[in-house]
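Okay, here's what each chain looks like letter by letter:
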Amino acid sequence: DDLTCVNYRPKVSDLVTTGAAQTQYQGPGISVTSRAEVLQTPRMVRLDWKQTIEHTNALGCLRRTFARMLRREGGKLVSFNRTPFPRLAPYSRRYRMIARYKNRSGRRVPVLTDFVFLGKGRHELSLAIIVPFRDRAAADKAEVRLAELVVARLRAATPSGRPVRSAPRHQVAG
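Residues numbered from 1 in each chain as written. Predicted model: local features only at pLDDT ≥ 70, side-chain atom pairs only at ≥ 80, totals over all residues. Heavy atoms only, no water.

Peer 1: I tried to follow the environment of Phe-80 on my own but got confused; where do I start?
Peer 2: Mapped onto the elements of the fold, Phe-80 is located in strand β3 (residues 76-83). The buried category is assigned to Phe-80, whose relative accessible area is 2%. Other than its neighbours up to four places away in sequence, Phe-80 contacts Leu-59, Leu-62, Arg-63, Phe-66, Tyr-95, Arg-96, Met-97 and Phe-115. (Helix = DSSP H or I, 4+ residues; strand = E, 2+ residues; numbered from the N terminus. Buried < 20%, exposed > 50% of the residue type's maximum accessible area, 1.4 Å probe, protein only. Contact = heavy atoms within 4.5 Å.)

Peer 1: What should I look at first to understand the state of the cysteines in this one?
Peer 2: This model, assessed by the stated rule, comprises 1 disulfide. Here Cys-5 engages in a disulfide with Cys-61; their sulfurs sit 2.1 Å apart. As the torsion about the S-S bond is roughly 80°, the Cys-5-Cys-61 disulfide counts as right-handed. Taken together, the residues span a long stretch of sequence, with Cys-5 in the segment before β1 (16-27) and Cys-61 in helix α2 (residues 58-72) at a distance of 56 residues. (Disulfide = S-S within 2.5 Å.)

Peer 1: How do you make sense of a positive patch on the surface when you look at a structure like this?
Peer 2: There is a patch of like positive charges on the surface, built from Lys-76, Arg-100, Lys-102 and Arg-108. Looking at the secondary structure, you find Arg-108 in strand β5 (residues 108-120). Given the relative accessible area of 37%, Arg-108 is considered partly exposed. (Patch = residues over 30% accessible without salt bridge, like charges linked within 9 Å, V, L, I, M, F, W, Y side chains within 5 Å. Areas by Shrake-Rupley, 256 points an atom, 1.4 Å probe, with all protein chains shown as cover. Salt bridge = Lys/Arg side-chain N within 4 Å of Asp/Glu carboxyl O. Lys, Arg positive; Asp, Glu negative; His and termini not counted. Charge placed at Lys NZ, Arg CZ, Asp CG, Glu CD.)

Next up, the structure:
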């Protein structure tokens, strides 16, 4: 689903992405997706954070979008809220979604999805971690550790010279 709601249409035309990467891991009982973007300037990261993550209508739009998506898939949204997360970077935020899905035997089971967003310098990072709800304590520890590792890699990274390719954000394939 597109994350545009009547009261939430973040402007992206003033942002330039100079690099992006995404990876996904799936194992028994866990799915992790990470996405990294490099924007042209740190100012663009601040602007994007303000226009998207900190926007007063972002949470409500996310909640409605996921509720619609889950209904179409036969699931049900139980909750979608901002939850505490360590400030590992200048910009840090976590949203937690709890949903119920029917398993193969037809029983509804709770599933937890955490969305972690981090921003530092020219870099924006997002993690989506999906686990059975019963594994939430282990997921909390694992996602903090994963976020710490990713932020540590940012500290080690040095800005390279001119980007090889520069395109408006909405044109970069993800």
